[in-house]
Amino acid sequence: MGNVYFNHHLSQGGDCLHEWSLADAAVRSLLSFGEEKGLKKFIEIEISMGEIMEIDKDVFKEAFLMLSKGTILENANIIFSEEKALFKCNSCGRKWDMEEAEKIIEREVGVEEEGGEIESPLHFMPELACALMRCPNCGSRDISVESGRDLSIRRVVAE
Amino acid sequence: MIGRDVILRERFLSKNIGKLVLIGSGKGGVGKSTISIFLSLFMAEKGNKTGLLDLDVHSSSIASVFNMSRIRAGKYGFEPLRRGNLEVMSLGFLLGDRPVPLRGEGESSVVSWLMSTTNWGDLDYLLVDLPPGTGDEVLSAIRMSSWMRRRNIAVTTPSKISVDAVRKYVKLLKDENVEIDALVVNMSRLGDLKLFGDMELTGNTIELPFDPGVEEFFRGAREWSSLSDEFLSGIERIYEVIKQ
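What counts and what doesn't
Residues numbered from 1 in each chain as written. Chains lettered and ligands numbered in written order. Predicted model: local features only at pLDDT ≥ 70, side-chain atom pairs only at ≥ 80, totals over all residues. Heavy atoms only, no water. Pairing = 2+ DSSP bridges. Helix = DSSP H or I, 4+ residues; strand = E, 2+ residues; numbered from the N terminus. Buried < 20%, exposed > 50% of the residue type's maximum accessible area, 1.4 Å probe, protein only. pLDDT = per-residue confidence, 0-100. Phe/Tyr/Trp six-rings, centres within 6.5 Å; stacked < 30°, edge-to-face > 60°. Salt bridge = Lys/Arg side-chain N within 4 Å of Asp/Glu carboxyl O. Core = buried A, V, L, I, M, F, W, Y, C linked by side-chain atoms within 4.5 Å.

**Focus: the sheet that holds strand β5 (residues 95-96) of chain A**
Within a sheet, neighbouring strands are paired by backbone hydrogen bonds and run either parallel or antiparallel to one another. Residue and element names in this part refer to chain A. Strand order in this open sheet of three strands is β5-β4-β8, and the pairing throughout is antiparallel. The open sheet has two free edges, formed respectively by β5 and β8 (143-147), since each of these has just one partner strand. Where strand β4 (residues 86-89) lies against β8, four bridges are found, and the strand directions are antiparallel. Within the sheet, the bridge partner assigned to L86 lies in β8 and is S147.

Laid out in structure tokens, this is it:
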């Protein structure tokens, strides 16, 4: 069995976009990491996904597998975990989760995806919560995203 | 451990951008966006594949000039507005005229994200309209592009308040080992340059006169003929500096 590496941070605050874009970032970062550590082969990769980003795991995995073909990432076992979303009002201190956020997101603006679906910009970039919703308690837009916005690689087994 | 900067650098490096042009200033309202827009239009018309990225996340003004009904997310990122040789991206395309009360960390994240996830085509030049001041967004943009071929344009007006602010901006860049390639004095009148006194600048100082045709252009004419020869000549001089 190879070495285990923890908390290889991939992105913070929605730096990447679509599943393919995210998979591309993951592959590039892991290959850099592998090169830096002198790794020959990845065996297992645990990827944590922020709930806000609403990443389609199947699409992400398909993209990841295609992009990693012919590299030391090929044939690695991919495990997914999810980080729950939590928003906080900096004005009154109220906190709320994704379920409540979905009810209060303002839908006047959106991003058109390839299939023609309109998605809230929040899912592409969680920091924009302040522009897309108001505190359900006091109405302030001074909102922080406490968790659920990142894509990160939690653990890697490699040799 | 690999931080966000490394990941974004890799993503940004994967794009084929010939030269990055940072257009910044010490304060708002000096005409950065106006100059960025005219430069990008001018450079595109000269046959250069030109990108224009609006990083003024709090008060994006470029989006109001380039109409775009809805932004589209493709397989490899957000698709910029494409018109001939020109590609444009702005947070304003995404959020319209909504207020964006981002705090420091959020600002940096938005800037890094916009720079790295826009699906630019192959570009000769990418012009970046920076937000005013010397905050997180400006530092993020400087860091993200430090390994690229780039030109740095500082913009001011002849006002003492603006000149004092641009001194700080130039000093910040110098402290980060970034040289200013040109100082543009916007809405200038003959003789205004004496206001700058002993300001140490490595680069060219280019005066752009106040031109009522600029507003006429934005309000609908969209014809170069509405601009004065002096204004266009100033834009061309900035372009010459960028080309070098």
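**Some details on unusual backbone geometry**
What is expected of a backbone is that most residues other than glycine have negative phi and most peptide bonds are trans. A positive phi angle is found at A:E54, which is not glycine, with a value near 45°. Considering the arrangement of structural elements, one finds A:E54 in the loop between β2 (42-50) and α2 (57-67). Phi is positive for B:M187, close to 55°, though the residue is something other than glycine. According to the relative accessible area criterion, B:M187 is partly exposed, its value standing at 35%.

**Things to note about the confidence of the model for chain B**
Low-confidence regions, as indicated by low pLDDT, have predicted coordinates that should not be scrutinised in detail. Within chain B, residue pLDDT values average 84, and 88% of them lie at 70 or more. Predicted complex metrics record ipTM = 0.74 and pTM = 0.83.

**A few points about the sheet that holds strand β4 (residues 77-79) of chain B**
Overall, mixed pairing links the four strands, which are arranged β7(A)-β6(A)-β3(B)-β4(B) in an open sheet. Every other strand in the sheet has two partners, leaving β7 (118-119) of chain A together with β4 of chain B as the edge strands with one partner each. Inspection of the sheet shows strand β6 (residues 111-112) of chain A paired to strand β3 (residues 71-74) of chain B by two bridges, in the parallel sense. Looking at β3(B), one finds that A:E112 is bridged to B:R72.

**Some remarks on the packing of aromatic side chains**
Residues and elements named next belong to chain B. Within the structure shown, the criterion is met by 12 aromatic pairs over all chains. A centroid spacing of 4.8 Å and a plane angle of 65° characterise the contact between F38 and F217, whose relative ring orientation is edge-to-face. Of the two residues, F38 sits in helix α2 (residues 32-45) while F217 sits in helix α8 (residues 212-221), which places them 179 residues apart along the sequence. Each of the two residues, F38 as well as F217, counts as buried.

**Overview of the pattern of salt bridges**
Applying the stated criterion to the full structure yields 22 salt bridges over all chains. Residues participating in the shared-partner salt-bridge network are A:E106, A:E108, A:R141 and B:R98.

**Focus: the nonpolar core**
Counting 100 residues, the largest nonpolar core has A:F87, B:L39, B:F66 and B:L91 as its most contacted members. Judged by nonpolar contacts, the second largest core, of 24 residues, contains A:W20, A:F60, A:A63 and A:F64.

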